[in-house]
Amino acid sequence: MTTAQKTNADFWFDPACPFAWITSRWILEVEKVRDISVTWHIMSLAFLNEDKDIPDEYREFLKTAWQPVRVVQAAKEKYGQEALLPLYTALGTRIHVQQQDKDRAMIESALEEAGLDVALADAMDDSSYDDAIRESHKRGMDQVGNEVGTPTIAFEGRAFFGPVISKKPVGEDAGQMWDAFVTLSKYDHFYELKRSRTEDLDFS
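Residues numbered from 1 in each chain as written. Predicted model: local features only at pLDDT ≥ 70, side-chain atom pairs only at ≥ 80, totals over all residues. Heavy atoms only, no water.

Going by what an unreviewed UniProt entry lists, the protein is known as DsbA family protein and is assigned to Nocardioides hankookensis.

Observations regarding the overall build of the protein
Assigned secondary structure in the protein consists of 8 helices and 4 strands. Listing every helix and strand of the protein by position from the N terminus yields β-α-β-α-α-α-α-α-α-β-β-α. In summary, the protein has a C-alpha radius of gyration of 17 Å against a globular reference of 17 Å for 204 residues, a match within 12%. Here the C-alpha coordinates of the protein stretch approximately 50 × 40 × 30 Å along the principal axes. In the protein, buried positions account for 48% of the 204 residues. Of the contacts formed within the protein by residues at least 6 apart in sequence, a portion of 70% connects residues at least 24 apart. Of the roughly 10900 Å² of accessible surface on the protein, 48% is carried by carbon and sulfur atoms. Side-chain charges in the protein split into 23 positive and 36 negative, and the spacing between the mean points of these groups amounts to 3 Å. (Helix = DSSP H or I, 4+ residues; strand = E, 2+ residues; numbered from the N terminus. Rg over C-alpha atoms; globule rule 2.2 N^0.38 Å. Buried < 20%, exposed > 50% of the residue type's maximum accessible area, 1.4 Å probe, protein only. Contact = heavy atoms within 4.5 Å. Areas by Shrake-Rupley, 256 points an atom, 1.4 Å probe, with all protein chains shown as cover. Lys, Arg positive; Asp, Glu negative; His and termini not counted. Charge placed at Lys NZ, Arg CZ, Asp CG, Glu CD.)

So, the side chain of D130
For D130, the position within the fold is in helix α7 (residues 130-141). You can call D130 buried: its relative accessible area is 6%. A polar side-chain atom of D130 sits 2.8 Å from a polar atom in the side chain of R70. Every residue in contact with D130, bar those within four places of it in the chain, is listed here: W66 and R70. (Polar contact = N/O pair within 3.5 Å; in protein donor to acceptor, adjacent residues only side chain to side chain.)

Regarding the sheet that holds strand β3 (residues 152-155)
In space, the 4 strands of this open sheet follow the order β2-β1-β3-β4, with mixed pairing throughout. Among the strands making up the open sheet, the edge pair consists of β2 (36-42) and β4 (158-161). With strand direction ignored, the average angle separating the axes of adjacent strands in the sheet is 20°. Where strand β1 (residues 7-13) and β2 come together, 7 bridges link them in parallel fashion. Within the sheet, the bridge partner assigned to N8 lies in β2 and is S37. On top of the sheet, helix α1 (residues 18-33) reaches β1, β2 and β3; it is set at about 155° to β2, its chief contact. (Pairing = 2+ DSSP bridges. Axes fitted to C-alpha atoms, helices over the stretch in contact; angles between N-to-C directions.)

Quick look at the packing of α1 against helix α5 (residues 84-97)
Close contact between α1 and α5 brings their axes to 10 Å; oriented N to C, the two are set at 130°. Of the possible angle classes, the one that applies to α1 and α5 is oblique. Like other packed secondary-structure pairs, α1 and α5 cross with a definite hand, here left-handed. Here P18, A20, W21, S24, R25 and L28 of α1 lie close against α5, whose contacting residues are L85, Y88, T89, G92, T93, H96 and V97. For the contact of α1 with α5, the per-class residue count stands at 7 nonpolar, 5 polar and 1 charged. (Parallel < 35°, antiparallel > 145°, perpendicular 65-115°, else oblique. Left-handed = near helix turned anticlockwise from the far one by under 90°. Nonpolar A, V, L, I, M, F, W, Y, C, P; charged D, E, K, R; others polar.)

What follows is the structure, given as structure tokens:
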């Protein structure tokens, strides 16, 4: 009797992205009900959009997008891959659930909650981390194309942007959505399934 091999899903996120945040909370639910393990990677919305013609409002949002992702990169370099999820959870809770500003006080609080050195907040304004961020970003985006962004999930040789959801499913509902995601991904000619969003994001 053979045991099915655990599926590893690689998940690219930018801490500032609300859509990635909700999808990340979904895939953590999936880990509870399906035999998968998630490896976390960073990408940068600021890098993705730096040469694009985007609305002024979104350009303003991106002005504070480099800072959190630099701190996540610094944490990875000091503590390793295992630091990413606790720090992402601490940052994301503050940014998306509590709607805090992406300032140093918020980042230091997130680092402390994650059990990491609060001095890593110095990385906020340190562009020396940007090359490593771009490298991680490209590893994810090269699999799906630069017309999309985060969340990006790769597994078993396939990668997709999404799923984009307005609220996370939990329990078996989360597992069933993963099953559907896997099924669609197996068809080599499947690219997109989309409709207009008619409700606000629910971060609960």
